[in-house]
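Overview (structure and organization)
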Amino acid sequence: MRRIGVLTSGGDAPGMNAAIRAIVRYGIYHNIEVMGILRGYKGLIENDMKAMDLSSVADIIHRGGTVLGTERSEEFKTEAGLKKALQTLKYRDIHGLVVIGGDGSFRGAEVLSQEGIPTIGIPGTIDNDLAYTEYTLGFNTALNTILDAIGKIRDTSSSHERSNIIEVMGRDCGDLALYAGLAGGAEVVVIPEETVNTDEICEVIMRGKARGKKHSIIILAEGVGSAFDLKDEIKSKIDIEIRCTVLGYIQRGGTPTAYDRLLGSRMGAKAVELLMNNQANLVIGTRGSKIFGQKINEALRMEKEFDIEAYRLTKILSI
Ligand code: F6P
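Residues numbered from 1 in each chain as written. Predicted model: local features only at pLDDT ≥ 70, side-chain atom pairs only at ≥ 80, totals over all residues. Heavy atoms only, no water.

A few words now on unusual backbone geometry. Even without being glycine, Arg39 reaches a positive phi, approximately 60°. As for its placement among the helices and strands, Arg39 is situated in the loop between strand E2 (33-37) and helix H2 (40-45). Using a relative accessible area of 25% as the deciding quantity, one classes Arg39 as partly exposed. In this model, Asp59 sits at a positive phi of 60°, which is unusual for a non-glycine residue. Looking at the secondary structure, you find Asp59 in the loop between strand E3 (49-52) and helix H3 (79-91). (Helix = DSSP H or I, 4+ residues; strand = E, 2+ residues; numbered from the N terminus. Buried < 20%, exposed > 50% of the residue type's maximum accessible area, 1.4 Å probe, protein only.)

Following this line, the structure appears as structure tokens:
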């Protein structure tokens, strides 16, 4: 393995830069050249890349986003796009590839593996929606960003004696909403994995009011629907003041937490180590304190387990 490539693809996530830095430095330490492919699979198709040296990754460990840029490439999903990507890899003499991204990016990595390119995936997404790993890179930072917002919204909700619906990202996965709700002391968490009807939400709000609560915080996962629709539904049943906050892209940016920097660094190094040992077509995961590799095809077909205990606890603690 003389030369490898690294790309970031799909939605960016805090900690991606820590992973890029680790891949470049761990590679150079082991006499491997690292090419930084720009704008995800699009850069691979268009042969847009640069050789990375030690200083190209200086001062990035603490920065959100990705210094390589990222895109969701539709062209890569076509036969012509794949062909161009394979040509680039051959032309650039790249013998292994690290793809940092979510499940869509991993599907691309799986295709490249099937075409004989040793590929390793690093799970970079704030959504935490990949079943094979306990955590994805960026999830912890996004969770802390949401908690910060909950604290601020609670202050003003309390002063005005209002309810507030906070809509968070996560695509079809409720993890950001669930764990932010539990850690942030929300009254109600609404997630795609569990059905909750509007009557139940109204009951929790009114019960809280009856015992003197000055506010209530409802965390809504975007996978369920819009905060404004939920507000209308609640307002049609009870006469209370409700405001909506859609947190949006602030959840995707910002300086990565210590956890995400450590995870990115460890996963980046592990990816290069696996390629050096001729182990490929794997995605890196974490469970407990372990960092491991799992076959891409297996990982993509696993079903995510829902943390029902965390959900039950959120309900119990919000009485
Ligand atoms: O997958 C990460 C994510 O931030 C999701 O939580 C969200 O639904 C989506 O990306 C937004 O995508 P885009 O950047 O294309 O608007």
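From this point on, the discussion continues.
When we look at burial in helix H11 (residues 308-317), the residues that qualify are Ala310, Tyr311 and Thr314. Projection of H11 onto a plane perpendicular to its axis shows the buried side chains occupying an angular sector of 100°, all on one side. H11 presents Glu309 and Ile316 as exposed residues on the side facing more than 90 degrees away from its buried surface. Contact partners of the buried residues in H11: helix H6 (175-184) and strand E7 (188-190). (Arc of directions from axis to C-beta. Contact = heavy atoms within 4.5 Å.)

Another point: the site of the ligand. Around the ligand, the neighbouring residues are Arg72, Thr125, Asp127, Met169, Gly170, Arg171, Glu222, Tyr249 and Arg252. At a separation of 2.6 Å, an oxygen atom of the ligand approaches a polar side-chain atom of Asp127. A distance of 2.8 Å separates an oxygen atom of the ligand from a polar side-chain atom of Arg252. For the shell around the ligand, the residue count by class is two nonpolar, two polar and five charged. (Near = heavy atom within 4 Å. Polar contact = N/O pair within 3.5 Å; in protein donor to acceptor, adjacent residues only side chain to side chain. Nonpolar A, V, L, I, M, F, W, Y, C, P; charged D, E, K, R; others polar.)

This part is about the packing of aromatic side chains. Tallied over the full model, the rule gives six aromatic pairs. When the centroid spacing of 4.0 Å and the interplanar angle of 10° are considered together, the rings of Tyr41 and Phe76 count as stacked. One end of the pair, Tyr41, is in helix H2; the other, Phe76, is in the loop between E3 and H3, with 35 residues separating them in the sequence. With centroids separated by 5.7 Å and ring planes inclined at 80°, the aromatic side chains of Tyr135 and Tyr259 adopt a geometry described as edge-to-face. (Phe/Tyr/Trp six-rings, centres within 6.5 Å; stacked < 30°, edge-to-face > 60°.)

Next up on the list: the sheet that holds strand E5 (residues 119-123). Strand order in this open sheet of seven strands is E3-E2-E1-E4-E5-E10-E11, and the pairing throughout is mixed. Each of the sheet's edge strands pairs with one partner strand only, and the pair in question is E3 and strand E11 (290-295). Neighbour-to-neighbour, the strand axes of the sheet open up by a mean angle of 25°, direction not taken into account. Judged from the five bridges that link them, strand E4 (residues 96-101) and E5 form a sheet pairing that is parallel. (Pairing = 2+ DSSP bridges. Axes fitted to C-alpha atoms, helices over the stretch in contact; angles between N-to-C directions.)

Before going further, it helps to examine the environment of Ala221. Considering the arrangement of structural elements, one finds Ala221 in strand E8 (residues 216-221). Aside from chain neighbours lying at most four places away, what touches Ala221 is Val168, Gly174, Ala177, Val190, Ile191 and Pro192.

Accessible area lost upon the coming together of the parts serves often as the stated size of an interface. Looking at the chain, the domain boundaries give domain 1 (3-138 + 256-301) and domain 2 (141-253). Using only C-alpha atoms to locate each centre, domain 1 and domain 2 end up separated by 34 Å. Every contact between the two is made by 13 residues of domain 1 and, on the other side, 12 residues of domain 2. Inspection of the domain 1/domain 2 interface yields two salt bridges. The shortest N-O distance in the salt bridge between Arg171 and Asp127 comes to 3.7 Å. In this assembly, domain 1 and domain 2 are joined by six residue pairs in polar contact (both at pLDDT 80 or more). Here the side of domain 1 that touches domain 2 is built from residues that sort into four nonpolar, four polar and five charged. (Domains from an automatic or database assignment. Salt bridge = Lys/Arg side-chain N within 4 Å of Asp/Glu carboxyl O.)

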